[in-house]
Amino acid sequence: MEALIIQALTGLASASSLFLVASGLSLIFGVTRIVNFAHGSFYMLGAYLAVSLLALLPRGDPMWWWLGVLGAALAVGVIGTVLEMVLLRRIYRAPELFQLLATFGVVLIVQDLVLLIWGPQDILGPRAPGLRFSIEILGQPFPVYDLVLITIGPVVLAGLWALVRHTRFGMLVRAATHDRETVAALGVDQRLLFTAVFALGSTLAGLGGALQLPREAVTSHMDLAIIAEVFVVVVVGGLGSVPGAYLAALLIGQVHAFGILVLPEITLVLIFLVMAAVLVVRPHGLLGRPLAHARGGEAVAVLRAAGPRVRQIAWVALTAAILLPLAGSQHVVTLATEAAVFILFAASLHLLLGPAGLVSFGHAGLFGVGAYAVALAVKHWAAPMAVGLALAPFAAGLAGAAFGVMCAHLSGVYLAMLSLAFAQILWSAAFQWVALTGGDNGILGVRAAGWEGGGLAFYYLTLTLCLGGMLVLRRAILAPWGYGLRAGRDAPLRAAALGIPVVRLQWAAFAIAGAAAGMAGGLFAYAKGSVFPTYLAIPKSVDGLLMVLLGGIHTLSGPLVGALVFVGLEDVLTRATDLWRMALGLIILGVVLVFPQGVVGAVSRRTRDA
Amino acid sequence: MLSRRTALMAGAATLATTRIASAQARPIRIGEINSYTTLAAFTEPYRKGWMLAQEQANRTAARPFETLFRDDGGRPDQALSQAQALLSTDGCDFLAGTFLSNVGLAVSDFARANRRLFVASEPLTDALVWSQGHRYCFRLRPSTYMQAAMLAEEAAKLPARRWATVAPNYEYGQSAVRWFKELLSRARPDVVWVGEQWPAQGRIDAGATVQALLGMQPEAIFNATFAADLLAFVRQGQSRGLFRNRAVVSLLSGEPEYLEPLGDEAPEGWIVTGYPAEQIATPEHTMFRDAYRARFNELPKLGSIVGYVTMQAIAAAVARAGSAETEALVEAFRGLTWVSPFGPTEFRAIDHQATLGAYVGRTAVRGGRGVMVDWRYADGRAYLPADDIVRQWRPQG
Amino acid sequence: MLEATDLVKTFGGVRAVDGVSLRVMAGEVVALIGPNGAGKTTLFNLLTGQLMPDRGRLAIAGVDTTGWSPRRLARHRVGRGFQIAQAFASMTVRENLQTALVARDRGLWRLWRRLASTAVADADSLLAAVELADQADRPAGDLAYGDLKRLELALALSNRPRLLLLDEPTAGTAPAERRTLMTVAVTLARRDHVAVLFTEHDMDVVFAFADRVLVLDAGKLIAEGSPASVRANPAVRRAYLGSEA
Ligand SMILES: Nc1ncnc2c1ncn2[C@@H]1O[C@H](COP(=O)(O)OP(=O)(O)OP(=O)(O)O)[C@@H](O)[C@H]1O
Ligand SMILES: [Mg+2]
C-alpha cells in the first residue's frame, strides 16, 4: 500500500512537468491553430539555457537557482516571441498545416544549434539548493524537489485559470479558441494576441524544461522525447483547454507510474493506447469542446487536370527517368528508386491530406505494414516477389480500412493524433514483438533473385508500380469519388444535404491510401533488402508530411515534386555536411516564406497570373 | 588557442601528406557511417580517435588512407543509402563504422548482398557475428554477451541472491539481461530474479522506475541503461535510497562518456564495465593516450578507443593483404593480430569477432569526479563461448 | 408533403424549438418568419436531419422520416438551402453541380471515369435556371456573395426535390437581387409542383412570394395564415417590436 502511494506521488511529480509544457502547447494551438512541433525545442532550450545561466550565477543559494530557472524560461519566451514575429506571422494565411512545416524546420535548426553551442555531452544540471534531500514518507525516502514540483503544477494551473477567466487577454484567448467571429468583431489586433499567446506558451515550455534540471539529464534528444508525449496530453485533455491539460497530465503521469509496475515492457505504447481509448469515447478529449473552424481566409485552389504544358513536362520527366540508368551511376539508380517509392508514399498521404481533408500524422504506419508484410512473407514462406507485392498493398489497405473505422467520427488535429497513436501502436508491435519481427534489429535479407534493390530490373519495376499507382490515385481524385471526398472536406453540411456518403468515401480513402502506402512500403523493403521499426516511426510520417507540404497540398503534382525535392535534398545534404539538419531546416523555412503554397502551388499560381 | 593552432597545423600536415601521397598512389578510401548527429557524445571522440590512427598509418603506409565520414541519423535506411553512395559514387573500397545495432545489422546485410567488406566498430548485438554473421562482416567491440559474461563473473562473487534488472527496452537491453541472467544463474543456482524494469530507451521515467525497483526489494540490481537514462536513473536512485546497502552491477557505466557527466554524483561501488583512460599505464596505452592528448588536448574517451582501434586494425589488415581488394582483405582480417592500446588483439577467424576486451572495476568518486577503481582488463578472448557453440550459432559456409 | 408534429429541441436549458407542428402541401410556398434567434434555423435542421428532435414526429411525402439522416432525406428528395451559403470552394461552379448531380445518381463510387465529362448538360441547365451560366468555370471560392446564393439555390434544387427548404435564401444580398433570386426559386418550384418552406427577414419578399406565412417566436408558432392576416396579427407585431420595426 505504501509503495502504491509513493508511486502515485511520483506520477504526480511527472504530471506537473508534463502539464507545464502541455498547457503552453494547448494555448498556442487553441488560439493560433498551429501544431507547434517546436514546442519540444522550447522545452529543450529552457533546460540548456538554465544550465548556462546557473553556471554564471552564484551557486548554492536557492534564490539564485530559482531566478536562474525563471530567467531561462523568460529567455525562451523571448525566443518564442521572435519566432512568431519573424516567421509564423508571415504564414498564418497559408494552408492549414503549413505552419507545422515551418515549426518542424525550427526543430531541425535548434537540434544542430544545441549541439554547436552546448556540445554533444549529456549534461546533468545543478540541483536546487536546499531541496536536495529526501524526506521519509510512509517509511520510504522521497525527494523533496518532487514534492515542490507536485505543488508547482496546480499553482501554475490556478494562475493560468485566473488569467484566462478574469482578464481581457483571457477573454480574447477563449474567444479565439471557441468563437472566432467574436474576436474579429471586437476589433482586436489578432497579431498582437497571437504573439502574446506564443510568448506565454513558449515561456511555459521553457519553464518546464528548466524545472527538469534536478530530475533528468539535459540532452539534445529532449525535444523529440517530450513532444509526442505532450501532444498526447494536449489531445487527451482537449485542445485549448488548460484544465483539461492538467487532468490529462495527471492521467498520463499515473499511467506511466503504474504502467511500470504492471506492464513494464509496454510503457511507450501505453499512453497511446490511453489516448486512442479516450478519443474513441470522447472525440474532443476530456474537457475539450468543438473548436471554432480554423482560421478563415485560407486560399483553397481549384484542382485541375494537367494542361498541355504540364503534360509536356511530365513526358520529358518520364523519358528522363527511363533513360536515367544510362547516364547515372549505381547510386543515382538507387536514389531514383527511392524517389519513386516516396512519390507513391507522398501521393497516398496527399490523398488524405488534400482531397479528403483528413490529417494523418501516422502515415508511416501504413507504409510500414506494407514493408513488414513483404519481409515476413519472404522470411517465413520465402514468398516470391509477386506474392510480396500483392500482399503489401492488401495488408496495408486492410490496416487503412481498420484505421478508417476507428476514426470515422474524428476530424482535424484529433484525427491526426489518433492516427499518430495508431502508427505508434503498430511501431511498438514491430519494436517489441521480437519473436515475429526481430525487434529493432529488424528483418534482414528481404530479397528476390533477379530483382535486387539498386538493380535495373527493380528500378523499372518500381518506376512502373509507383508512377502507375500515383496516376491511379490521381485519376481517382479527378473522378466522381474524388469530388465527393472534396465535397465532404469543403462543406460537410452541404455534402450531407446532397446525400453524399462522406464517411464512407473517407473510409475508402483510408483503405486506398493505405494500399498505396503499403505498396510503397513493400517496394521500399525490397529496395533496402531489410526492414526496421524505424519505417513505421514518427520521423517517417513527418518525412511524408514534409514532402506533401513542400510540394503543396492543393495541387495534384505537389506530392511528386515534394518527394523529389525531399529525397534530393536529403541525399545531397547528408553527404555534404554533418549539419544537414540545420541546412534542411533553413531550406524548409526558406520554402515556407517564399512559397507559402508549396513549390508547385507557387509555380502554378505564378503561371496562372502570367 | 594553443590547441586550435596545433589542430590547424596538424590538419595542414595531413593535407600536405595526402597531397604528396596521392602523387604516389590512389588513396585507399574508407566509407565510414555513424550516428554523428544523433549520438554525437560517442561519435565525436570516435572520429578523433579514427583520425589519429589514420594520420599515424599514413606516415608509413604505401597507399594513404582517406576516410569519408557519413551520418546515418540513427536510421538504418539512411545508413543503407549512405553505404550505397559511398561504394558506388564515392568509390570507397570498403565500409566501416556504425554505432546502433540495427544500423550495424543493416549495413552488414548490405555488405553480404554486395560482397563488400564491412568493419563494424561499435554495434554490440550478438547477431552481428553469430546468428547473422557472414564472410564480409567483422566486429570490433566486445558484444553484449561478452560484457554480460564479464559482469556475471563478478556478480557471482557477491553474496546477493535476490536480483532485479533494469534495461532499455530494445535488443541490446533485452539480450544483455537474458545473458546476464543465464550466466549468473548457471554460476549461482541459488539466485532468484525478483523483477524486471524495461524503460524506453531515452525516455526513462526514472522516479517511477526506481520506485518500482524499490518495491521488488532486491539485494542486487543489474543495470544496462546508459547515457541520459543512466544519469536520470542514478539521480533518482540516489535520492530515493535505491542504492543504499545494495550491490549494483552495471553495463557500460564505467565508460567516460557516461561516467563523466555524473560528476560528483557518480555512484560509489558499482561493478561496471568501462574504460579508466587516465589510469591505464601499459606502454601501448600510454603511447596512445599521449598522442591523443597532444593532438586534441583532452583525454581519450571510449569512443576514441573504438575509432582508433578500428582504423588501426584496418591499416594492419591492408598491410597484411597488400591490397584493398575485398577478398584479400577478408582473408587478411581473419585471424589478424595487432597490438591495440588495450594490448594484443585478434580478429577471430571462427566468427570475425575481435578479442578486444573491456575494463571491469568499481566506481568511486575522487576529486569530485566519477572514476573506476580496482579495475582489471578483461580480455575478450576469455569471455567468448567455446568454438563448437559458436559454430552452432553462426551459419557455416 | 411535409407534416411535422410537436417538434421539440432544447440546447442546454434553451428550448430553441418548442412544440412546433406544421404542414406544407405540394405546390405550396410557405414562409417561416420570426425575429433573430426565434429558432428558424434550428427547425430547419430538425426537418433536414442535421439535428435530432428531442420529441415529435416528421413525415415527408407520406413516409415517416423521423430520425432520418440528412443523407437519407436527400435521397428522399428533400432539398436544402443554407442560411450561410455552403458551396464547395475548391471546385468550379459547374463542378459543384456536377458533383451534386452525380451524388443524386449514386455515381460517386466511380474511381476511374473523369467527373469532367459527367452530367455536364444537366449542370449547365441548372446553372442557366439560376442565371449563373456565365460563371460556370469560376472557382466557387471566388464568387461574389449574391452569386454564391444562386449557386446555393442551384445545389438545393439539384436532387429534383419535392420538398424544398430554403433558410434565408436571400440573406446578405442587395434588395434588387433578393427579388430575382426568389423569383427564380418560386418559378421553378411552381413549375415542378414542389412544396417550398423558406425563411426570410425581408417582409416585402415574404408578402410578395408566400402563399401562407408561419410565425415563430421563442421556439413556438404564434401565428399562421395568409400574408395579409399575419401582417394584421397583433401578436406578430409584438414579437417583432423588440427586434425589428
Ligand atoms: N448548436 C447550438 N447550441 C446551443 N444553442 C443553439 C445552437 N443552435 C442554436 N442555438 C440557440 O437556439 C436559438 C435559436 O437559434 P436559431 O439559429 O434557430 O435562430 P434563427 O431563428 O435561425 O435566427 P436568425 O434569424 O438569426 O437566423 C438561439 O437562441 C440560439 O442561440
Ligand atoms: Mg437562422
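Undergrad: How should the interface of chain C and chain A be read in this particular structure?
TA: In this complex, chain C contributes 35 residues to the contact, which on the side of chain A involves 33 residues. Between chain C and chain A, a total of about 3000 Å² is buried, with carbon and sulfur atoms accounting for 65% of that surface. Summed over the three residues of chain C that lose the most area to chain A, namely S90, W109 and R114 of chain C, the buried surface amounts to 21% of that side. Viewed at the interface, chain A and chain C are joined by 1 salt bridge.

Undergrad: Just checking my understanding: could you explain the coordination of the magnesium ion (ligand 2) for this structure?
TA: Each pair of donors in an ideal four-coordinate tetrahedral metal site encloses 109.5 degrees, whereas pairs in an ideal six-coordinate octahedral site enclose 90 or 180 degrees. Here the magnesium ion (ligand 2) is held by the protein donor atoms T41 of chain C (OG1) and Q83 of chain C (OE1), which lie 1.9 to 2.2 Å from it. Here the residue T41 of chain C occupies a position in helix 1 (residues 40–47), and Q83 of chain C occupies one in the loop between strand 6 (78–81) and helix 3 (93–104), the gap between them amounting to 42 residues.

Undergrad: Would you take a moment to explain the domain arrangement of chain C for this structure?
TA: By convention, interface size is frequently given as the accessible area that disappears when the constituent parts associate. All names here are of chain C. When the domains of chain C are assigned, the result is domain 1 (2–87 + 145–241) and domain 2 (89–142). Measuring from the centre of the C-alpha atoms in domain 1 to the corresponding centre in domain 2 gives 25 Å. Contacts between the two partners involve 15 residues from domain 1 and, on the opposite side, 16 residues from domain 2. For the pair domain 1 and domain 2, the two sides together bury roughly 1400 Å², of which 64% comes from carbon and sulfur. Joining domain 1 to domain 2, the criterion identifies 1 salt bridge. One salt bridge in this structure joins E131 and R150, with 3.5 Å as the shortest N-O distance.

Undergrad: Can you help me understand the interface of chain B and chain A in this one?
TA: Taken together, the contacts link 64 residues of chain B with 63 residues of chain A. Considering only the side of chain B, the residues that lose the most area to chain A are R203, R235 and R240 of chain B, jointly responsible for 13% of the buried surface there. Across the chain B-chain A interface, the total number found is 7 salt bridges. Here E265 of chain B makes a salt bridge to R127 of chain A, at a shortest N to O gap of 3.8 Å. Put simply, chain B and chain A have 28 residue pairs in polar contact (both at pLDDT 80 or more) between them. Elements with a minimum of two residues in the side of chain B that touches chain A: helix 2 (40–60), strand 2 (65–71), helix 3 (76–88), helix 4 (101–114), helix 6 (171–187), strand 7 (192–197), helix 7 (206–216) and helix 8 (227–239) of chain B.

Undergrad: Mind showing me how you'd approach the environment of C407 of chain A here?
TA: Residues and elements named next belong to chain A. Relative to the assigned elements, C407 resides in the loop between helix 15 (385–406) and helix 16 (412–432). Residue class for C407 comes out buried when judged on its relative accessible area of 3%. Placed 128 residues apart in sequence, C407 and L279 show a C-alpha to C-alpha distance of 8.6 Å.

Undergrad: Quick question: what am I supposed to make of the sheet that holds strand 1 (residues 2–11) of chain C here?
TA: Two orientations exist for strands paired in a sheet by backbone hydrogen bonds: parallel and antiparallel. Residue and element names in this part refer to chain C. Strand order in the open sheet formed by 4 strands is 2-1-4-5, and the pairing between neighbours is antiparallel. Only two strands of the sheet have a single partner each, and these edge strands are strand 2 (14–24) and strand 5 (63–64). The strands touched by helix 1 within the sheet are strand 1, strand 2 and strand 4 (55–60), with strand 1 carrying the most contacts at an inclination of about 120°.

Undergrad: So what exactly am I meant to see when it comes to the environment of A257 of chain A here?
TA: For A257 of chain A, the location among the structural elements is in helix 10 (residues 242–262). With 27 residues separating them in the primary sequence, A257 of chain A and H284 of chain A have C-alpha atoms 25 Å apart. Excluding residues that lie within four positions of it along the chain, A257 of chain A makes contacts with Q7 and G11 of chain A together with A208 of chain B.

Undergrad: When you look at helix 3 of chain B in this model, what are you seeing that I'm missing?
TA: Since there are 3.6 residues in each turn of an α-helix, residues three or four apart along the chain are aligned in direction. The first and last C-alpha atoms of helix 3 of chain B sit 18 Å apart over 13 residues, in line with the 18 Å expected at 1.5 Å per residue. Of all 13 residues making up helix 3 of chain B, 12 are buried, and the element is well covered by its neighbours.

Undergrad: Please explain the domain arrangement of chain B as it appears in this structure.
TA: Residue and element names in this part refer to chain B. The domain boundaries assigned to chain B delineate domain 1 (22–143 + 281–357) and domain 2 (145–280 + 359–383). Taken residue by residue, the interface counts 31 residues in domain 1 and 25 residues in domain 2. Taken together, the two surfaces of domain 1 and domain 2 that pack against each other cover about 2200 Å², and 54% of this comes from carbon and sulfur. On the surface where domain 1 and domain 2 come into contact, there are 3 salt bridges. Salt-bridge contacts for E255 lead to R141; the nearest nitrogen and oxygen are separated by 2.9 Å. When residues of the side of domain 1 that touches domain 2 are assigned to their parent elements, the largest contribution, 4 residues, is made by helix 10 (residues 283–296). Across the side of domain 1 that touches domain 2, the residue classes break down as 17 nonpolar, 9 polar and 5 charged.

Undergrad: So what exactly am I meant to see when it comes to the side chain of T43 of chain B here?
TA: Structurally, T43 of chain B is set in helix 2. Not counting residues up to four positions away in its chain, the partners in contact with T43 of chain B are N34, S35 and Y36 of chain B.

Undergrad: Help me understand the pairing of strand 7 of chain B, please; the structure alone is not making it clear to me.
TA: On a regular strand, each side chain points to the face opposite its neighbour's, so the side chains alternate between the two faces of the sheet. Residue and element names in this part refer to chain B. Relative to strand 7, strand 6 (residues 162–166) runs parallel, the two being bridged by 5 bridges. Across the sheet, the residue bridging to W163 is W193, located in strand 7. As a crossover connection, the stretch from strand 6 through helix 6 into strand 7 is right-handed.

Undergrad: How do you make sense of the site of ligand 1 when you look at a structure like this?
TA: Residue and element names in this part refer to chain C. Inspection of the region around ligand 1 gives 13 residues, with N36, G37, K40, T41 and T42 positioned closest. Contact distances for ligand 1 include 2.8 Å between an oxygen atom and a side-chain N or O atom of N36. For ligand 1, whose free accessible area comes to 630 Å², the fraction covered by protein is 59%. Considering each element in turn, the shell around ligand 1 owes the most residues, 3 residues, to helix 1. Class assignment of the residues belonging to the shell around ligand 1 gives a composition of 4 nonpolar, 7 polar and 2 charged.

Undergrad: I'm lost on the pattern of salt bridges in this one. Help?
TA: Pairing between side chains of opposite charge can happen when the charged atoms of each approach one another. By the definition in use, this model includes 56 salt bridges over all chains. Salt-bridge contacts for E153 of chain B lead to R376 of chain B; the nearest nitrogen and oxygen are separated by 2.7 Å. Of this pair, E153 of chain B sits in helix 5 (residues 144–155) while R376 of chain B sits in strand 14 (residues 369–378), placing them 223 residues apart in sequence. In this structure, R369 of chain B and E278 of chain B form a salt bridge, with 3.7 Å as the shortest nitrogen-oxygen distance. Of this pair, R369 of chain B sits in strand 14 while E278 of chain B is found in the loop between strand 10 (271–274) and helix 10, placing the two residues 91 residues apart along the sequence. You can call R369 of chain B partly exposed: its relative accessible area is 39%. Taking relative accessible area as the criterion, E278 of chain B reaches 31% and is therefore assigned partly exposed. Through salt bridges with shared partners, one network takes in D571 and R575 of chain A together with R70 and D90 of chain B.

Undergrad: Could you clarify how one ought to interpret the environment of A245 of chain A in this entry?
TA: Residue and element names in this part refer to chain A. Summarising the element assignment, A245 is placed in helix 10. Distance from A245 to S26, taken between C-alpha atoms, is 7.4 Å for residues 219 residues apart in sequence. Filtering out sequence-adjacent residues up to four positions away, A245 remains in contact with F19, S23, V233 and G237.

About the criteria used
- Residues numbered from 1 in each chain as written.
- Chains lettered and ligands numbered in written order.
- Predicted model: local features only at pLDDT ≥ 70, side-chain atom pairs only at ≥ 80, totals over all residues.
- Heavy atoms only, no water.
- Contact = heavy atoms within 4.5 Å.
- Buried area = accessible area lost by both parts, 1.4 Å probe.
- Salt bridge = Lys/Arg side-chain N within 4 Å of Asp/Glu carboxyl O.
- Donors = N, O, S within 2.8 Å, 3.2 Å for Na, K, Ca; no water.
- Helix = DSSP H or I, 4+ residues; strand = E, 2+ residues; numbered from the N terminus.
- Domains from an automatic or database assignment.
- Polar contact = N/O pair within 3.5 Å; in protein donor to acceptor, adjacent residues only side chain to side chain.
- Buried < 20%, exposed > 50% of the residue type's maximum accessible area, 1.4 Å probe, protein only.
- Pairing = 2+ DSSP bridges.
- Axes fitted to C-alpha atoms, helices over the stretch in contact; angles between N-to-C directions.
- Expected span 1.5 Å × (residues − 1).
- Nonpolar A, V, L, I, M, F, W, Y, C, P; charged D, E, K, R; others polar.
- Right-handed = clockwise from strand over helix to strand, strands pointing away.
- Near = heavy atom within 4 Å.
- Areas by Shrake-Rupley, 256 points an atom, 1.4 Å probe, with all protein chains shown as cover.

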